[in-house]
Amino acid sequence: MVEHRTPAVSLGRGFWTVTALFAVLSALGIWYWETTPLDNILPAVAAQPGADIDSLLRFMAACGTALFIFVAGYIVYFAIAFRARKEDAPDAIGVQIHDNHKLEFWWTIIPTAFVVLLSFLSVRIWYGIQIAQPTNGLVVESIGHQWYYTFRYPQVHGEITDEMHVPVNQPVVLNVTSADVIHSFWVPAFRLKADMVPGLINTIRFTPTKVGRYPIVCTEFCGTRHGEMDAEIPTENGQKNPGAQYFVVDSPADFQKWYHGWQVKNANASDALASVSSGAVSLAGGDAHAGQALFAQKCSACHAVGPFSQRIVGPGLKGVLHDPAHPNLVDGDKATPENVAKILQQGYKGDMGVMPNEAANGLSDKDIANLVAYLNSLK
Ligand code: CUA
């Protein structure tokens, strides 16, 4: 006869010792996060609400560290304390415990209260960044491009192409969007980041508190030269990144000087967004290699690098300039580099389908020259 007996429920002999150890380690972890400067992981805070975001980071990291020590610690402790022993039967299983209401109550209440507290602390900061409207804010725009940023200011015509300047201690409302693919606008020293999405405007609000130059970093992979949208990464030949740009916080006087300078410089600039350029595109100096990379990003969703019949949305383009069976392009013109450039520039609409123009595709004249050189190299 098998003898049934209720096994004693035990936490193991070392339970309270390891609990005390975890408490001490957690206290050390919390102390570390509350006292250690964040300078070695992040640049010094240069805008409000950056300091609040850092406090939140410290709080979350401290709680996370304590939580990790207890959870991971108990897993290891219980695995050792209740390991299979030599004298156990080969099919022995541990003590089975069901329906402990007291435990279940507390392990529901404590995490819930904690998550509610974290949401409250986060939403308070998020509200200031996303919703609250400063009464005296400077409203500026940044537009992401492959692979640089441009900026727009009230009372400055056209776009500012080198750096973004704002005066210190004045609230800034920054609207961001993109002209081509998804980029992001991140100033680590401000702790703020917004995605730049074509057709969508995202807004962040902050007040720069320290005069200085702060790199703007793109954190969405946006094509082959994405890395150039980060000032801290030099190019292969050690030169400054052409797309590397800074967010400059000036004294009010310096800002006025800079702002006025652009008002004068851009006095005759067009306020229109980039649109179809007039006149034929010069194809001189087209780089097939650069065109190939562009093709992968801009064209390959609709066009295969295959024969004419390999259609995705539009026809396959492998033989577009060298296919005796198709001497003419889709618009009836002769298949010449100039006529391919014209379709890239102006787009096409007909029974074969619709292709957007260069503005909608975010192509510069140089891009078109590169694409034509690439298409011409495919035989
Ligand atoms: Cu722009 Cu990555």
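The text that follows walks through the structure, step by step, so that each part is easy to find. (Residues numbered from 1 in each chain as written. Predicted model: local features only at pLDDT ≥ 70, side-chain atom pairs only at ≥ 80, totals over all residues. Heavy atoms only, no water.)

### Structural notes on the nonpolar core
Judged by nonpolar contacts, the single largest core of 39 residues is most densely connected at Tyr153, Leu174, Phe185, Phe190, Phe206 and Phe247. The greatest single-element share of this core, amounting to four residues, is contributed by helix α4 (residues 252-265). Two domains each provide a minimum of three residues to this core, namely domain 1 (15-82 + 96-130) and domain 2 (138-265). Beyond its immediate stretch of four places on either side in the chain, Phe247 contacts Met164, Val166, Phe185, Val187, Phe190, Phe206, Gly212, Arg213, Tyr214 and Ile216. With 21 residues, the next largest nonpolar core counts Cys299, Ile368, Leu371 and Val372 among its residues. (Core = buried A, V, L, I, M, F, W, Y, C linked by side-chain atoms within 4.5 Å. Buried < 20%, exposed > 50% of the residue type's maximum accessible area, 1.4 Å probe, protein only. Helix = DSSP H or I, 4+ residues; strand = E, 2+ residues; numbered from the N terminus. Domains from an automatic or database assignment. Contact = heavy atoms within 4.5 Å.)

### A word on unusual backbone geometry
A cis geometry characterises the amide bond from Gln48 onward to Pro49, with omega recorded as 5°. With respect to the helices and strands, the residue Pro49 is situated in the loop between β1 (47-48) and α2 (50-81). Residue Trp147 follows Gln146 across a cis peptide bond; omega there is 5°. Positionally, Trp147 belongs in the loop between β2 (138-145) and β3 (148-152). Residues other than glycine seldom take positive phi values, yet Gln155 does so here, at roughly 65°. When you line up the elements, Gln155 lands in the loop between β3 and β4 (164-167). For Arg191, which is not a glycine, the phi torsion comes out positive at approximately 65°.

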